[in-house]
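Here's the letter readout for the chains.
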Amino acid sequence: MPKADTSQSDYYDADVIVAMYDLSEFIRQCGFDLNKNEMLCPKGHDSKTKSFKINAKNTKMFKCFGCQWTGNVITFAKHVGGSDDYKNAVELIRGHKPIAKIVKPMPVKRAVEREVKIDYEANKNKALLYKDNLAKNPKIIAYLNKRGLTDKTIKAYVLGANGNDLAMPVFDVMKRVVGFKYRSIKGKSYKAMTGLKKSDYLYSLRALPYIQQAKAVYLLEGEIDAMSLYEIGIKNVLALMGSDFSDRQFNIIKPIVDKVIVIPDNDDGGELMAKRVIDVAGDRTEILRLDYGDFKDANDLLVAGKLKDA
């Protein structure tokens with residue numbers, strides 16, 4: 001690193017420091033494997049991609065294209081020094097303080113995802129079997145009617161019965177059955193079919209033509225809440241099958257919608273869901289808060305006969 005005499009007033013001047021000291025040389029002195037002005041990000045967010053690069057046109061600046069970290073030699077010195085203390089960073093750059101042993105980012109252990117092969121034909125046959133079972137299961141039919149769902153909705157969503165569980169087929173954009181969600185009418189608990197990655201799909205994707213026509217989608221947390229909107233004539237509706245919302249789910253509808261209209265439940269989970277959708281969908285998001293009163297969700301309002309007004 002060049003050592004130059006400077007006046008005391010320039011000793012800590014940022015412009016002087018950036019101009020005098022070579023960024024790439026300092027990075028190598030810190031013990032990092034910088035090759036052709038690129039390397040793994042020192043912040044350790046990625047163990048495979050050399051996303052950290054020094055700007056080819058302005059070699060005083062760097063950027064990580066993985067985590068968007070950017071800066072100059074002072075920024076980097078603060079990182080290796082383990083603090084935001086400016087003077088400490090300058091002392092490291094000038095070589096008046098020893099650079100601590102750098103702990104290089106450890107490779108991130110990634111869980112090996114076993115590819116699940118979807119047997120669409122078997123799932124289709126299972127859906128038809130569940131549909132036939134429903135006609136012989138008065139308890140689940142009574143449960144659905146109690147939730148305000150009529151035959152038109154039950155048929156539209158191809159609902160079925162699996163013992164004491166309500167069986168709800170999950171479709172992909174090709175209208176193929178990729179799996180099932182089950183709801184126990186005894187324990188009031190939900191479970192997904194083994195192998196179904198809920199974060200890859202949205203419930204009721206067969207509604208995509210209606211969504212494309214409207215250029216908007218109503219997005220709810222639960223499956224039965226989505227069915228409740230269908231029951232009152234709203235067809236451009238999907239459900240998350242939970243409170244999370246992934247980029248993969250958004251990418252399904254992103255090309256065809258201008259607005260993602262979130263109808264959150266009237267609880268903390270609903271607020272978390274709304275925040276997550278805003279984080280992912282950004283300015284396409286609109287939050288529609290129903291006039292819930294003492295009710296919790298869209299289905300409660302449907303049962304009470306107040307969903308249309310709300």
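Reading the values: rules and limits
- Residues numbered from 1 in each chain as written.
- Predicted model: local features only at pLDDT ≥ 70, side-chain atom pairs only at ≥ 80, totals over all residues.
- Heavy atoms only, no water.
- Phe/Tyr/Trp six-rings, centres within 6.5 Å; stacked < 30°, edge-to-face > 60°.
- Lys NZ or Arg CZ within 6 Å of the ring centre and 35° of its normal.
- Buried < 20%, exposed > 50% of the residue type's maximum accessible area, 1.4 Å probe, protein only.
- Helix = DSSP H or I, 4+ residues; strand = E, 2+ residues; numbered from the N terminus.
- Pairing = 2+ DSSP bridges.
- Contact = heavy atoms within 4.5 Å.

Caption draft 1: Here's a closer look at the packing of aromatic side chains. For the structure shown, the criterion picks out 14 aromatic pairs. Site record: aromatic cluster; members linked through ring pairs are Phe 26, Phe 32, Phe 52, Phe 62, Trp 69 and Phe 76. Seen from the ring of Tyr 120, Arg 176 lies directly overhead, with NZ or CZ sitting 4.0 Å from the centre. One cation-aromatic arrangement involves Arg 206 over Phe 171; the distance from NZ or CZ to the ring centre is 4.5 Å.

Caption draft 2: Broad picture of the pairing of strand S7 (residues 177-184). The buried fraction of S7 is high, at eight of eight residues. Where strand S6 (residues 165-171) lies against S7, seven bridges are found, and the strand directions are antiparallel. Directly across from Leu 166, in S7, lies its bridge partner Arg 183. Between the antiparallel neighbours S6 and S7 lie five residues, among them Lys 175 with a positive phi of about 65°. With three bridges connecting them, S7 and strand S8 (residues 190-192) associate as antiparallel partners. By the bridge assignment for S8, Tyr 182 is matched with Lys 191. Linking two consecutive strands that pair antiparallel, namely S7 and S8, is a turn of five residues; a positive phi of about 55° is found at Lys 188 within it.

Caption draft 3: Representation of the side chain of Asn 88. By secondary structure assignment, the location of Asn 88 is in helix H4 (residues 86-94). Dropping the residues within four chain positions of it, Asn 88 is found in contact with Gly 81, Ser 83 and Lys 97.

Caption draft 4: Region of interest: the environment of Tyr 21. As for its placement among the helices and strands, Tyr 21 is situated in the loop between helix H1 (14-20) and helix H2 (23-29). For the pair Tyr 21 and Val 73, spaced 52 residues apart in sequence, the C-alpha to C-alpha distance is 7.6 Å.

Caption draft 5: Structural detail: the sheet that holds strand S1 (residues 38-39). Read across the open sheet, the four strands follow the order S1-S2-S3-S4; overall the sheet is antiparallel. Each of the sheet's edge strands pairs with one partner strand only, and the pair in question is S1 and strand S4 (70-71). The pairing of strand S2 (residues 52-54) with strand S3 (residues 62-64) spans three bridges and is antiparallel. Across the sheet, the residue bridging to Phe 52 is Cys 64, located in S3.

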